[in-house]
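# Breakdown of the fold
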Amino acid sequence: MGLQEDILKEPVSELRSRPLILVQRDTPVRQVVQLMLEDGVGSAFVVDDQGKIDGKFSERMLIKLLASGEPFMDDPVSKHAGEFWSVVRHDEPIAMVLHKLQQHRMHHLCVVDDDGMPTAMVGQRSVMSYLAEHFPRVVLTQLADTRLYVDQPEGA
Amino acid sequence: MTSPIPPRRQRRATDPGEFEDPLKNYDAPEYADDLEASLAEHALSDLRSTPVTTVAPDATVGQAIKTMADLDVGSVLVVENERLIGILSQRDVLRRVARKYEEVKDKPIREFMTRKPVKVYDTEPAAKALHMMAVHRVRHIPIVDVDDKVVGVLGPRRVTEYLQQHFKTER
């Protein structure tokens, strides 16, 4: 199959998922930032009492809060988790991930099961890894460090 | 004593009838579809790389973060004498700045940026940028020209947009 056909047919579960951070609405922002730092991901999802996604806190929101100059680290994360978020079902095609990431200008999507419960997180890096792993002949054969000219003439 | 200089090698005039194509055994790469071909063949200069946001290395961390927030960009490139010397991304802010912002906001960005970031040349294929993103695990890659001057920055959002454009044109 070609790249386009694979993206249109293969399910989201074929993507390499990222660590999923789920936090309660009253979790302090400071603790959420620490979790994001430990897991090396740029988003955390806020869940309600039933465990369903209720909001998202991201690096982008963190930058906005820092730029505002107002103290926020001890606020409950729900106060700043109003940013738009979106989910994708585990059996939808990878093309749907591309579409939603692009349409909503997001870095990450939460993957949900048939009951709408969060199971994983995928993002732009998952897509980049998918392209690299599935098409190594095109992507992974690139030289790691190319130069447009040599430092010394050959034989010098 | 005889001279050690060897006799000049005689060059035979090329007979056009004897010309042998040096590329006669070259097989052009075959791609499964146009999208794969475009990744391998299209130069990065064909992609509309995000408008570049640059700051000087002496700008403060606070100024850089305000720039990122105001312009809603994921990274700023640190440029000195038109040369790329570093990058400050959202991830750098999370790792090095967020937890001690009040202490560091007035310090120069050069102390917190990622030095010597991976970069790609604008003549290289889109696949090269994907390779760097996958292997080096970075989201934003500066694009430079032959003189090492910054001409763009490529983020994953632009790559997904590029893939989607190809889907649309081929349907």
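Keep in mind that what you see is a predicted model, and the values were worked out from it rather than measured.

## A closer look at the environment of Asp 75 of chain A
Residue and element names in this part refer to chain A. Counting through the fold element by element, Asp 75 comes out in the loop between helix H3 (59-68) and strand E4 (87-89). Remark: the alpha-carbon pair of Asp 75 and Pro 28, spanning 47 residues in sequence, is separated by 5.4 Å. Apart from residues no more than four positions distant in its own chain, Asp 75 is found in contact with Thr 27, Pro 28, Val 29 and His 80. There is a polar contact of 2.9 Å between the side chain of Asp 75 and the side chain of His 80.

## Thoughts on the sheet that holds strand E5 (residues 120-121) of chain B
Pairing in this open sheet of three strands is mixed, and the strands run E5-E6-E7 (chain B) from one edge to the other. Two strands close off the open sheet at either side, each with one partner strand: E5 and strand E7 (150-154) of chain B.

## Re the interface of chain B and chain A
A common measure of how large an interface is: the accessible area buried when the components associate. Each partner contributes residues to the interface: chain B has 49 residues there, and chain A has 47 residues. Carbon and sulfur atoms supply 61% of the area buried between chain B and chain A, which totals about 4,600 Å² over both sides. Across the chain B-chain A interface, the total number found is four salt bridges. Between Glu 59 of chain A and Arg 139 of chain B there is a salt bridge whose closest N-O contact spans 2.6 Å. Scanning the region where chain B abuts chain A turns up nine residue pairs in polar contact (both at pLDDT 80 or more). Those elements that provide at least two residues to the side of chain B that touches chain A are helix H1 (34-41), helix H2 (61-71), helix H3 (90-97), helix H5 (126-136) and helix H6 (156-170) of chain B. If you tally residues by element for the side of chain B that touches chain A, the top one is H6 of chain B, at 10 residues. Tallied by class, the residues present in the side of chain B that touches chain A amount to 26 nonpolar, six polar and 17 charged.

## Quick notes on the nonpolar core
Generally speaking, soluble globular proteins have nonpolar side chains that are buried together. In terms of nonpolar packing, the biggest core is built from 44 residues, with Val 33, Phe 57 and Leu 62 of chain A together with Ile 65, Val 93 and Val 97 of chain B touching the most fellow members. Mapped by element, the contributors of at least two residues to this core are helix H2 (29-39), strand E2 (43-47), strand E3 (53-58) and H3 of chain A together with H2, strand E2 (75-80), H3 and helix H4 (101-104) of chain B. Residues contacting Val 97 of chain B, with those up to four places away along its chain left out, are Val 61, Ile 65, Asp 92, Val 104 and Phe 112 of chain B. Of all hydrophobic cores here, the second largest spans 35 residues; its members include Leu 109 of chain A together with Leu 47, Ala 126 and Leu 163 of chain B.

## Observations regarding the sheet that holds E2 of chain B
Residue and element names in this part refer to chain B. Spatial strand order, E1-E2-E3-E4: four strands in an open sheet with mixed pairing. Single-partner strands in this sheet number two, and they are strand E1 (54-55) and strand E4 (114-115). The pairing of strand E3 (residues 83-89) with E4 spans two bridges and is classified as antiparallel. Bridging across to E4, Gly 86 finds its partner in Arg 115. Against the sheet, H2 engages E2 and E3, with an angle of about 130° to E2. This element, H3, spans E3 and E4 of the sheet and lies at about 70° to E3.

What counts and how
- Residues numbered from 1 in each chain as written.
- Chains lettered and ligands numbered in written order.
- Predicted model: local features only at pLDDT ≥ 70, side-chain atom pairs only at ≥ 80, totals over all residues.
- Heavy atoms only, no water.
- Helix = DSSP H or I, 4+ residues; strand = E, 2+ residues; numbered from the N terminus.
- Contact = heavy atoms within 4.5 Å.
- Polar contact = N/O pair within 3.5 Å; in protein donor to acceptor, adjacent residues only side chain to side chain.
- Pairing = 2+ DSSP bridges.
- Buried area = accessible area lost by both parts, 1.4 Å probe.
- Salt bridge = Lys/Arg side-chain N within 4 Å of Asp/Glu carboxyl O.
- Nonpolar A, V, L, I, M, F, W, Y, C, P; charged D, E, K, R; others polar.
- Core = buried A, V, L, I, M, F, W, Y, C linked by side-chain atoms within 4.5 Å.
- Buried < 20%, exposed > 50% of the residue type's maximum accessible area, 1.4 Å probe, protein only.
- Axes fitted to C-alpha atoms, helices over the stretch in contact; angles between N-to-C directions.

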